[in-house]
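Summary of structural features
The residues making up each chain are set out below.
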Amino acid sequence: MLFVLLLSTLAAATSSTPNRDTLDHLLSAWQNATGGQEVAAAVAPFLQPYGGVHSVVWTADERSPMDVAGAAGLLQHLADFPKDYHRKVGRVLPSSDGQQFLVFYEDFGAPQTPGEGDSWVGCDVVTMSAGRVSGIRFQTHSLARHLGISVNSSEIYDMLDREFVATTTASNRVGIRKLVETKRAHIGTAQRINDSLAMMREDTDLLSWEEEGLRATHGKTEFVDKFLKPGVLILPDFYEGLESYIVVGNAVVLQQIPSGTLNESGRGVFCAWPNSDMYFFTGTQISQMMFMRDTLVDYNCYGVG
């Protein structure tokens, strides 16, 4: 009887945890607020006290992350958002350990300078501890925000709804571990890419944040021809720069700072940009991919357009 009671208690705990409850209340408060000042005030009660908050923010005019230490720094960052800023949350995916959450969203706000857009998409990683927010890593399609690029968020949500499975199988974990080890391997760029390609199914599709908004490729061959060859493979020293990873059901999100040297007009230009690459698995194989990167940092480095 005690064993049955314990199982019931554990089942109830998995559906509602202090971390998830806090996050749900936080996102509700965030969505109901308008303007940076209101958002900051709405978020404040959910943060870890005593300076236990660390966030990472990428800005359009910087080539490196801006580390924001403490709750006060995060709240100031939010308070600087435009007066009419507001957020619409689209999907929330919990990590397998329940400590981190992927929050996919659309943000809205009137352009602050000529040429800016009035809406953009993003996927922030919210880290929780003991029912409070201990950090946020902001990942925004910044070209959409700063250059008015149109992004259809339904394409992102359609992929998530179609591909995401909440359960992480043993086979998924084997595939995820192989991918992580490949990305961190100290081997040549071509070998590392080939090892990653060997893990992909032939029908693997990609959805990537790009300068035109979203770019899709269909199948492994098209991914190589239309994504790797014109982009990654022109950087002979390309390196993924994997910082950390998050297991989310049948997927893994790789938080990276990729880099490489672009040979531009006879001179080498070193480029680095932040991204969160999401790989979905069927068994041990990669079945779908979504690459989310700070497009404006990459755009400024490459000088595209």
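Residues numbered from 1 in each chain as written. Predicted model: local features only at pLDDT ≥ 70, side-chain atom pairs only at ≥ 80, totals over all residues. Heavy atoms only, no water.

**A short note on the overall build of the chain**
We count it as follows: Per the convention used, a helix needs a DSSP run of H or I reaching at least four residues, while a strand needs a run of E reaching at least two, with both numbered from the N terminus. Under the scheme applied here, a residue whose accessible area is under 20% of the maximum for its type counts as buried, over 50% as exposed, and between as partly exposed, the area being computed with a 1.4 Å probe on protein chains only. When checking whether two residues touch, look at their non-hydrogen atoms; a contact exists if any pair is within 4.5 Å. Here the Shrake-Rupley method, with its probe set to 1.4 Å, supplies the accessible areas, and only the displayed protein chains count as covering residues.
The helix and strand tally for the chain stands at 10 helices and 14 strands. Considering the chain as a whole, with its 305 residues, one finds that 50% of them fall into the buried category. Taking contacts inside the chain between residues at least 6 apart in sequence as the whole, the part at least 24 apart equals 60%. With the model as given, the accessible surface of the chain reaches about 13900 Å², and the carbon-plus-sulfur share is 55%.

**A few points about the pairing of strand β8 (residues 213–218)**
Selection criterion: Whether two strands pair comes down to DSSP finding at least two bridges between them.
Pairing between strand β7 (residues 200–210) and β8: 6 bridges, direction antiparallel. From the neighbouring strand, Leu-206 faces β8, where its bridge partner is Thr-217. A loop of 2 residues connects β7 with β8, the two strands running antiparallel in sequence.

**What to know about the packing of aromatic side chains**
The line we're drawing: Centre distance within 6.5 Å is the pairing criterion for rings of Phe, Tyr and Trp, where only the six-membered ring of Trp is used; planes under 30 degrees apart are then read as stacked, over 60 as edge-to-face, and the remainder as tilted. For a ring to carry a charge above it, either NZ of a lysine or CZ of an arginine must fall within 6 Å of the ring centroid while also lying within 35 degrees of the normal to the ring plane.
Throughout the structure, instances matching the rule amount to 5 aromatic pairs. Feature note: the residues Phe-223, Phe-227, Tyr-279 and Phe-291 constitute an aromatic cluster, connected by ring pairs. The ring centre of Trp-30 lies 4.2 Å from the NZ or CZ of Arg-87, which sits over that ring. In this structure, Arg-87 packs its charged tip against the face of Tyr-105, placed 3.5 Å from the ring centre.

**Structural notes on the packing of helix α3 (residues 36–43) against helix α4 (residues 70–79)**
Filter applied, for reference: Orientation is described by axes fitted as lines to C-alpha atoms, over the contacting stretch for helices, and by angles from 0 to 180 degrees between their N-to-C directions. The labels follow the angle: roughly parallel below 35 degrees, roughly antiparallel above 145, roughly perpendicular from 65 to 115, and oblique for the rest.
Running from N to C, α3 and α4 cross one another at 150°; their axes reach a closest spacing of 7 Å. With respect to α4, the axis of α3 lies roughly antiparallel. Along its contact with α3, which presents Gly-36, Gln-37, Val-39, Ala-40 and Val-43, the element α4 presents Leu-75, Leu-78 and Ala-79.

**Considerations on the pattern of salt bridges**
Applicable threshold: Criterion for a salt bridge: a side-chain nitrogen of Lys or Arg within 4 Å of a carboxyl oxygen of Asp or Glu.
Applying the stated criterion to the full structure yields 14 salt bridges. Between Glu-243 and Arg-137 there is a salt bridge, with its nearest N and O atoms 3.1 Å apart. Placement of the pair is Glu-243 in strand β9 (residues 242–248) and Arg-137 in strand β6 (residues 132–137), with a sequence separation of 106 residues. By relative accessible area, Glu-243 is classed as partly exposed at 47%. We classify Arg-137 as buried; its relative accessible area is 11%. With a shortest N-O distance of 3.8 Å, Arg-215 and Glu-210 are connected by a salt bridge. In the salt-bridge network here, residues are joined through shared partners; they are Glu-210, Glu-212, Arg-215 and Arg-293.

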